Amino acid sequence: DAGVIQSPRHEVTEMGQEVTLRCKPISGHDYLFWYRQTMMRGLELLIYFNNNVPIDDSGMPEDRFSAKMPNASFSTLKIQPSEPRDSAVYFCASSLVGFNSPLHFGNGTRLTVT
Amino acid sequence: AQSVTQPDIHITVSEGASLELRCNYSYGATPYLFWYVQSPGQGLQLLLKYFSGDTLVQGIKGFEAEFKRSQSSFNLRKPSVHWSDAAEYFCAVGRSGGSNYKLTFGKGTLLTVNP
């Protein structure tokens, strides 16, 4: 079990550029989550998918943020255009079906927007 | 709406000392409760969880937590801390029932362990 894999680990970009974060969940997991972690706001749930379908995107801060899950083994979180306040660590997590199943987190992508 | 409060932002203990990290939650029904640990540069790892039954739950790495409904608390404990326990600890509450799956995390408690 390779765990949840995120890429890149670090991303530095200039304001206005498009940023794409990638996630490969654990094989067989039905749920995929995107979280954002900042000092001020802690861990915030942005969006989650069940069987590749977005279920709740109420945490997505603005229309500049979008997420897709084209298949069971891949998801992207895109920010276009990026702004300095988007600087944070973005985590992807996956879990099996059922509320009892714990989340398995990736190591995160640290995004810096200058 | 569910919420989690971790009153202590930063705690320092000596190696070998006992540890208790506090967590209070707000939720109208029976909550699902979790503790996660995050080491620097890593994602979060589940330490333990409570869904029902025995209110004292055991987790990995020698941690335990006790659910106290009357106090809306789910404090994490360890009898003897090791230097490798230095990390940030997050309490989380989940919605029970329904079709949505949402965890709400506390802001975290940073643990420093002195030799």
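Here, every reference points to the structure presented above.
Model, not experiment: these values are computed from the prediction.

**Quick look at the interface of chain A and chain B**
Now for step 1: With 25 residues of chain A at the interface, the matching set in chain B holds 20 residues.
Now for step 2: Summed over both sides, the interface of chain A with chain B buries roughly 1900 Å², with 58% coming from carbon and sulfur.
Now for step 3: Here chain A and chain B share zero salt bridges between them.
Now for step 4: Taken together, the connections running from chain A to chain B amount to five residue pairs in polar contact (both at pLDDT 80 or more).
Now for step 5: Those elements that place two or more of their residues in the side of chain A that touches chain B are β4 (31-38), β5 (42-50), β6 (53-56) and β9 (88-95) of chain A.
Now for step 6: Taken together, the residues that form the side of chain A that touches chain B break down as 13 nonpolar, nine polar and three charged.

**So, the state of the cysteines**
Two cysteines joined by a covalent bond between their sulfur atoms form a disulfide.
Now for step 1: The tally for this structure, following the rule as stated, stands at two disulfides over all chains.
Now for step 2: Cys23(A) shares a disulfide with Cys92(A); S-S distance 1.9 Å. Its S-S torsion of about -65° marks the bond between Cys23(A) and Cys92(A) as left-handed, since a negative value means left-handed. With Cys23(A) in strand β3 (residues 19-24) and Cys92(A) in strand β9, the pair connects residues that are 69 residues apart, well separated along the chain.
Now for step 3: Across the disulfide from Cys23(B) sits Cys91(B); the S-S distance is 2.0 Å. Classification of the bridge connecting Cys23(B) and Cys91(B) rests on its S-S torsion, roughly -65°, and on that basis the disulfide is left-handed. In this pair, Cys23(B) sits in the loop between β3 (19-21) and β4 (24-26) while Cys91(B) sits in strand β10 (residues 87-94), placing the two residues 68 residues apart along the sequence.
Now for step 4: Here Cys23(B) falls in the buried class, since its relative accessible area comes to 0%.
Now for step 5: By relative accessible area, Cys91(B) is classed as buried at 0%.

**Quick notes on the nonpolar core**
Residues and elements named next belong to chain B.
Now for step 1: Counting 26 residues, the largest nonpolar core has Leu19, Trp35, Leu47, Leu48, Phe74, Leu76 and Tyr89 as the members making the most contacts within it.
Now for step 2: The element contributing the most residues to this core is β10, with four residues.
Now for step 3: Apart from the residues within four sequence positions on either side, Leu47 is in contact with Trp35, Tyr36, Val37, Gly59, Ile60, Lys61, Phe63, Leu76 and Tyr89.

**Comments concerning the side chain of Thr109(A)**
All names here are of chain A.
Now for step 1: You can see Thr109 is positioned in strand β11 (residues 109-113).
Now for step 2: Accessibility expressed as a relative area gives 0% for Thr109, which makes it buried.
Now for step 3: Not counting the four nearest positions on each side in its chain, Thr109 is found in contact with Gln6, Ser7, Pro8, Arg9, Glu11, Leu21, Ala88, Val89 and Tyr90.

**Observations concerning the sheet that holds β3(A)**
Residue and element names in this part refer to chain A.
Now for step 1: The strand order across the open sheet formed by four strands is β1-β3-β8-β7, and the pairing between neighbours is antiparallel. The open sheet is flanked by β1 (5-7) and β7 (65-71), the only strands paired with a single partner. This sheet shows a mean twist of 15° between the axes of neighbouring strands, independent of strand direction.
Now for step 2: Sheet topology places β1 next to β3; three bridges connect them, and they run antiparallel. Counted as the bridge partner of Ile5 is Lys24 from β3.

**As for the pairing of strand β12 (residues 109-114) of chain B**
Residue and element names in this part refer to chain B.
Now for step 1: With burial as the criterion, only one face of β12 is covered, namely that bearing Thr109, Leu111 and Val113; the residues Leu110, Thr112 and Asn114 on the opposite face remain uncovered.
Now for step 2: Where strand β2 (residues 10-14) and β12 come together, five bridges link them in parallel fashion. Looking at the pairing, Thr12 lines up with Thr112 of β12.
Now for step 3: Pairing geometry for β10 and β12, over three bridges, is antiparallel.

**Topic: the packing of aromatic side chains**
Pairs of aromatic rings are described using the distance from one ring centre to the other and the angle between the two planes.
Now for step 1: Taken as a whole and assessed by the stated rule, the structure comprises 17 aromatic pairs over all chains.
Now for step 2: Measuring from ring centre to ring centre gives 5.8 Å for Phe105(A) and Tyr36(B), while their planes differ by 80°; the resulting arrangement is edge-to-face. Residue Phe105(A) is located in strand β10 (residues 104-105), and its partner Tyr36(B) is located in strand β5 (residues 32-38); the two belong to separate chains.
Now for step 3: An aromatic cluster is present here, built from Tyr31(A), Phe33(A), Tyr35(A), Tyr48(A), Phe91(A), Phe105(A), Tyr32(B), Phe34(B), Tyr36(B), Phe51(B) and Phe105(B) joined pairwise through their rings.

**Things to note about the environment of Gln58(B)**
Residues and elements named next belong to chain B.
Now for step 1: Looking at the element boundaries, Gln58 is found in strand β7 (residues 56-58).
Now for step 2: Here the alpha-carbon distance between Gln58 and His10, two residues 48 residues apart in the chain, equals 23 Å.
Now for step 3: Sequence-distant contacts of Gln58, defined by excluding residues within four places in its chain, comprise Leu48, Phe63 and Glu64.
Now for step 4: Among the polar contacts made by the side chain of Gln58, one reaches the side chain of Glu64 at a distance of 3.2 Å.

Reading guide: rules and limits
Residues numbered from 1 in each chain as written. Chains lettered and ligands numbered in written order. Predicted model: local features only at pLDDT ≥ 70, side-chain atom pairs only at ≥ 80, totals over all residues. Heavy atoms only, no water. Contact = heavy atoms within 4.5 Å. Buried area = accessible area lost by both parts, 1.4 Å probe. Salt bridge = Lys/Arg side-chain N within 4 Å of Asp/Glu carboxyl O. Polar contact = N/O pair within 3.5 Å; in protein donor to acceptor, adjacent residues only side chain to side chain. Helix = DSSP H or I, 4+ residues; strand = E, 2+ residues; numbered from the N terminus. Nonpolar A, V, L, I, M, F, W, Y, C, P; charged D, E, K, R; others polar. Disulfide = S-S within 2.5 Å. Buried < 20%, exposed > 50% of the residue type's maximum accessible area, 1.4 Å probe, protein only. Core = buried A, V, L, I, M, F, W, Y, C linked by side-chain atoms within 4.5 Å. Pairing = 2+ DSSP bridges. Axes fitted to C-alpha atoms, helices over the stretch in contact; angles between N-to-C directions. Phe/Tyr/Trp six-rings, centres within 6.5 Å; stacked < 30°, edge-to-face > 60°.

Spatial relationships are all this shows, so hold off on functional conclusions.
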